[in-house]
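Understanding the architecture of this molecule
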Amino acid sequence: MRHRPTNLVFSFSFFISLLFIFIFFTDTAISQNTTIPVNVGVILNVNQELGKMSLSCIDMALSDFYATNSNYKTRLILNTRDSKGDVIGAAAAALDLIKNVQVQALIGPENSMQTNFVIDLGSKSQVPILSFSATSPSLTSFKSPYFFQATQNDSSQVSAITSIIQVFGWREAVPIYVDNEFGEGVIPYLTDALQAINTRVPYRSVISPIVSDDQIVEELYKLMTMQTRVFIVHMLPSLGSRLFTKAKQVGMMNQGYVWIITDGLTNLFGSLEPSVIESMQGLLGVRPYVPKTTALDGFQLRWKRKFQQENPSLVDAEPNIFGLLAYDAIMALAMAVENAGTTNFGFDMKNVSTNAIDLEAFGVSMNGPKLLESLSVTRFKGLTGDYTFVDGQLQSLAFQILNVNGDGERGIGFWTPEKGLMKKLNLTSRDSTSKSHLGPIIWPGDSTSVPKGWEIPTNKKILRIGVPVSSGFSEFVKVITDPITNKTIATGYCIDVFNAVMQVLPYAINYEFIPFGLPDGTSGSYNDMIYQVKLGKFDAVVGDTTIVGNRSRFVDFTLPYTESGVSMVVPIKDNNKKNAWVFLKPLTWDLWMTSTCFFLFIGFVIWVLEHRINEDFRGPPEHQVGTSFWFSFSTMVFSHRERVISNLGRFVVIVWCFVVLILTQSYTASLTSLLTMQRLQPTIGDVKELIKRGENVGFQQGSFVVGILKELGFNEKNLWVYDSIEEWDALFENGTANGGIATAFDEVPYIKLLLGKYCSKYTMIEPSFNTAGFGFAFPLGSPLLHDVSRAILNVTEGQKMNKIEDAWFKKNSCPDPSTLVSSQSLGLDSFWGLFLIAGTTSILALIIFMVTFIYEHREVMKESDPRSSLLTRIRTLLEIFVSKDLSAHTFKEKTGIHVHGLGAATPSPNNHCPTSPSSYSQHTDQYFCSYGEQGTPSTEYGDLNPNPSGQSPQEIVHAIELRRQIKKEHEIHRLSIKINDVDILHRII
């Protein structure tokens, strides 16, 4: 009895557990039975391998999705229809699904042509259309919001293709595409992208989907006759396999050819036969890159087992990119349907007329707008990578660059919109246009050398080079015919340059020169000759052909290899005997005046610094003035004989001599230039003057210069033609009055040739007109153009060009014509720095001298004596300034006075003069102590007896003159004392 409660508890617990299990399974069953079915249409060609593979991937996607998301309320129900591989079948299937089944969305159709019509049905019924295999860019141009291109747009691969072309520098490419919606959709994007990298599209090869093999061969032979060897193929495998098979047969898969295929072929590369792959060896391709993941590997294993069970006849099938995109597309649709809600999955039939035809008798989906919005924001990680729509377009993935080699393709690199070309996706690339960013490539013909992208056509193995026939300027081009072989032989500067350029090219070019002439036997103009290139009669034109804008409409020019410009040539005259004042022209008037003023100023400065201590600068006033200015101006030729004793004076003279040296040398050089160039003065210097006077003007036969002359306003009757240098010179000699010319306009190379022969008769002057120089002319878009231009740079930058120019033009040693008329007067602006230095040093020397002088004679300016006025003291100071400084070392030996200090004197052995008691008298007595009270000479210096001590006559004369000067200065001093006494007396009164 004690165990009964325990048994009851156990029984009750067991009952409760069974009840919970029953409720759980009941709820699960009820939830499974309450899911909402959503009809979805699938339009595929179920009889083809692609259709079977896509449908299998769609079924697996639904199984995987609802196995993971079993709690979702909606369940997609697939309604599959066979498109039968044509547009009508796809349209009928879509109409049936929308009208009768009332599907909420459509998956498919497979190609762009079928999808084009189905988009309209979806737009009218508001049923979203998801296409995972229709890649044409033209589908998006319909701008239907209910169309989702759940695959890579063909235009997204265009940038990857052009990057490859840009890396290898190919300048021309020919697209080969199928003539339908799929092929034509990408061409506008491709041509625009090629033009953006300066790659021409000279021809478009359009092939019909139902073309015969013979027609394919005919088109291939047509391509072989062109220069371009780069082809871009955009078509599906059904047509592409036939194309490459025939290309292999006609020899277009040999060395030198470049083939690039789009993802239309690379995405289905696994479906190609081995024989087709064998014919595609060496080509390049691009396809969307699908990253390797664990989920992708697991899906491929499960899919292979499932597909093999369902299709045992298909062996070794592999899911391609379209199968993976179909898997992701149905995943996205399942998510979007669940997120859109389950409000109403019906169709609104209000606007459907009872008499409407089948194409109009369908309603509008009530859930379409919500599903459209839900699809637009759906994002997840799919088998192909990040899955998201922007404006109805699946975002671009990275592209893989492939090279077909052996039994299949191998990856050589990647391309992304952000980084461009690279060997590996995880590498950081700065320059996406480098060949190093791609792996090794095996090109057609089993070659490892990069094809140059063009070749001379098989029917034109020798280039026909047109050359002008001109008898005048043979230094540039001269054409003769060998009388024995009848072969054209071309020589001249232009021919040598062209031959040198051809030798620099990295490949051999065979060519022959063809002389140009009109049917009437005349040589014709250069424009006529260049136009022959456009007509196809010449493959290029070589000669003295100038690069002009209107000619570039017919041909492409290489880079120029000569100087450019059109200028005027006039005779020169001798003016030496007609200008007597030419010696004044080397310097401008302001420089003449400044130089003269400085000569006077320097003379004054030297007099101030020297006249008190230098006998050469003393004497009567007029003598001192003359000596000072004579000294200054004589420095111009460095012929001054006067000594300069003071250090300040020497400093000033050194600086001034340097200035004079620069001035004289510059004057000499300028005068020499003027005297030499005077005879090169042009007779005419203004175009307006020529037009006004009606002068005759010459130009070269066949030159474009005549157009410039007419634009300037010259009358056509005044335009004269010459065809050689000799004829040019003869027209100048005759002059306008005798049927000649007054001036001529021509290009700089011809003018230099004329001046090299007649440099003493003519000169080149302004005006000048810019031109591009001489260049070689090739057909528009010629692939040779860039290589030849690059070779011209190599030739002109090296020594080869100098040798060619010396061989043809270095025959006369005339000066450069650009410097013949180029002499100008020298102005003050070129020498003001020198004058500033000279002026500064002179003023500084004057300041130092005056400060020193005033300081030495400061006692004169003191007001210790109340009887002397300021004017008197200044007058006294001036008298001392103009007097001789006997304390200077230059006079000590002559006077016998030795100065020991300022204002104090001591007697020499021969001096018996007592020292003055006052400072002022002490200063003055040193000059006048040799005289007695009456002013008679003392015997301190000896009497007037000539030669009392055996002195030489010269010394006696000098002593007498010195005594007379001292006496004169003593009298001046006595007069000054009297003036002072009068002034004192006046103050006392």
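Whatever comes next refers back to the structure up there.
Let us look at the structure shown here. Everything quoted here is computed from the prediction, not taken from an experiment.

Digging into the overall build of the chain
- Scanning the chain for helices and strands turns up 30 helices and 33 strands.
- Scored against the burial criterion, the 989 residues of the chain give a buried share of 49%.
- Summarising the internal contacts of the chain: among those between residues at least 6 apart in sequence, 72% fall at separations of at least 24.
- Carbon and sulfur atoms make up 56% of the accessible area of the chain, which amounts to about 49700 Å² in all.

Details of the pattern of salt bridges
- For the structure on display, the rule yields 17 salt bridges.
- Notably, a salt bridge pairs Asp64 with Arg302, separated by 3.0 Å at the nearest N-O pair. With a gap of 238 residues between them, Asp64 in helix H2 (residues 49–68) and Arg302 in helix H11 (residues 294–310) connect regions that are remote in the sequence.
- Among the residues examined, Asp64 registers a relative accessible area of 19% and is labelled buried.
- Note on Arg302: relative accessible area 31%, which makes it partly exposed.
- Asp729 serves as the salt-bridge partner of Lys761, at 2.9 Å between the closest nitrogen and oxygen. Of the two residues, Lys761 is situated in the loop between helix H22 (748–757) and strand S30 (762–769) and Asp729 in helix H21 (residues 725–734); the sequence distance between them amounts to 32 residues.
- When its relative accessible area of 25% is taken as the criterion, Lys761 is described as partly exposed.

Remarks on the sheet that holds strand S7 (residues 205–207)
- What the eight strands build is an open sheet, ordered S7-S6-S8-S9-S10-S16-S17-S18; its pairing is mixed. Strands with a single pairing partner mark the edges of an open sheet, and in this sheet they are S7 and strand S18 (420–422). Going across the sheet, the axis of each strand differs from the next one's by a mean of 25°, ignoring polarity.
- Sheet topology note: the strand S16 (residues 399–405)/strand S17 (residues 408–416) ladder contains seven bridges and is antiparallel. Counted as the bridge partner of Gln400 is Phe414 from S17.
- This element, helix H6 (residues 181–196), spans strand S6 (174–178) and strand S8 (230–234) of the sheet and lies at about 165° to S6.

Notes on the packing of H2 against helix H12 (residues 321–340)
- At a minimum axis separation of 8 Å, H2 and H12 run at an interaxial angle of 40°. What the angle tells us is that H2 and H12 run oblique. In terms of crossing hand, the pair formed by H2 and H12 is right-handed. Two secondary-structure elements touch here, H2 through Leu50, Met53, Ser54, Cys57, Ile58, Met60, Ala61, Leu62, Asp64, Phe65 and Tyr66 and H12 through Phe322, Gly323, Ala326, Tyr327, Ile330, Met331, Ala334 and Met335.
- Here the contact of H2 with H12 is composed, by residue class, of 16 nonpolar, two polar and one charged.

Regarding helix H20 (residues 705–712)
- The set of residues buried in H20 consists of Val705, Ile708 and Leu709. Looking straight down H20, one finds its buried side chains confined to an arc of 100°; they lie on one side.

Considerations on the packing of aromatic side chains
- Under the counting rule described, the total for this entry stands at 44 aromatic pairs.
- Ring geometry for Phe476 versus Phe809: centroids 5.4 Å apart, planes at 50°, classification tilted. Taken together, the residues span a long stretch of sequence, with Phe476 in the loop between strand S19 (463–468) and strand S20 (478–481) and Phe809 in helix H24 (residues 799–809) at a distance of 333 residues.
- Here Phe498 and Phe776 contribute two aromatic rings whose centre-to-centre distance is 5.2 Å and whose plane-to-plane angle is 85°, an arrangement assigned as edge-to-face. Placement of Phe498 in helix H14 (residues 493–504) and of Phe776 in the loop between S30 and strand S31 (777–779) is noted, with a sequence separation of 278 residues between them.

Section: unusual backbone geometry
- In this model, Gly108 is joined to Pro109 through a cis peptide bond whose omega is -5°.
- For Gln102, which is not a glycine, the phi torsion comes out positive at approximately 55°.
- Looking at the secondary structure, you find Gln102 in the loop between helix H3 (87–101) and strand S3 (105–107).
- Phi at Asp391 is positive, roughly 55°, even though this residue is not glycine.
- Assignment of secondary structure puts Asp391 in the loop between strand S14 (385–390) and strand S15 (393–394).

As for a nonpolar patch on the surface
- Taken together, the side chains of Leu600, Val625, Phe629, Phe633, Met636 and Val637 define a hydrophobic patch exposed on the protein surface, amounting to about 490 Å² of accessible area.
- Take the nonpolar patch: its biggest share by element is three residues, from helix H17 (residues 621–634).
- In this structure, Val637 sits in the loop between H17 and helix H18 (647–677).
- Residue class for Val637 comes out exposed when judged on its relative accessible area of 58%.

Some points on the pairing of S16
- Most of S16 sits inside the fold, with six of its seven residues counted as buried.
- Direction of pairing for strand S10 (residues 284–288) relative to S16: antiparallel, over a ladder of five bridges. Bridged to Gly285 within S16 is Leu402.
- Connecting the antiparallel pair S16 and S17 is a turn made up of two residues, with Gly406 showing a positive phi of about 75°.

Description of the packing of H14 against helix H23 (residues 784–796)
- At a minimum axis separation of 9 Å, H14 and H23 run at an interaxial angle of 110°. The orientation of H14 relative to H23 falls into the category roughly perpendicular. On H23, the residues touching Ala500, Val501, Met502 and Val504 of H14 are Val788, Ala791, Ile792, Asn794 and Val795.
- When grouped by side-chain class, the residues that make up the contact of H14 with H23 number eight nonpolar, one polar and no charged.

Topic: the side chain of Ser125
- Checked against the element boundaries, Ser125 lands in helix H4 (residues 112–125).
- Given the relative accessible area of 0%, Ser125 is considered buried.
- At 2.8 Å, the side chain of Ser125 forms a polar contact with the backbone oxygen of Leu121.
- With sequence-adjacent residues up to four places away left out, Ser125 is seen in contact with Ile98, Phe347, Phe362, Gly363, Val364 and Ser365.

Brief notes about the environment of Gly385
- Here Gly385 shows up in strand S14.
- Relative accessible area serves as the criterion here: at 6%, Gly385 is assigned to the buried category.
- When the C-alpha atoms of Gly385 and Lys292 are compared, they prove to be 9.5 Å apart, with 93 residues separating the residues in sequence.

Reading the values: rules and limits
Residues numbered from 1 in each chain as written. Predicted model: local features only at pLDDT ≥ 70, side-chain atom pairs only at ≥ 80, totals over all residues. Heavy atoms only, no water. Helix = DSSP H or I, 4+ residues; strand = E, 2+ residues; numbered from the N terminus. Buried < 20%, exposed > 50% of the residue type's maximum accessible area, 1.4 Å probe, protein only. Contact = heavy atoms within 4.5 Å. Areas by Shrake-Rupley, 256 points an atom, 1.4 Å probe, with all protein chains shown as cover. Salt bridge = Lys/Arg side-chain N within 4 Å of Asp/Glu carboxyl O. Pairing = 2+ DSSP bridges. Axes fitted to C-alpha atoms, helices over the stretch in contact; angles between N-to-C directions. Parallel < 35°, antiparallel > 145°, perpendicular 65-115°, else oblique. Left-handed = near helix turned anticlockwise from the far one by under 90°. Nonpolar A, V, L, I, M, F, W, Y, C, P; charged D, E, K, R; others polar. Arc of directions from axis to C-beta. Phe/Tyr/Trp six-rings, centres within 6.5 Å; stacked < 30°, edge-to-face > 60°. Patch = residues over 30% accessible without salt bridge, like charges linked within 9 Å, V, L, I, M, F, W, Y side chains within 5 Å. Polar contact = N/O pair within 3.5 Å; in protein donor to acceptor, adjacent residues only side chain to side chain.

Fair warning: the whole summary comes from geometry, so function is off the table for now.
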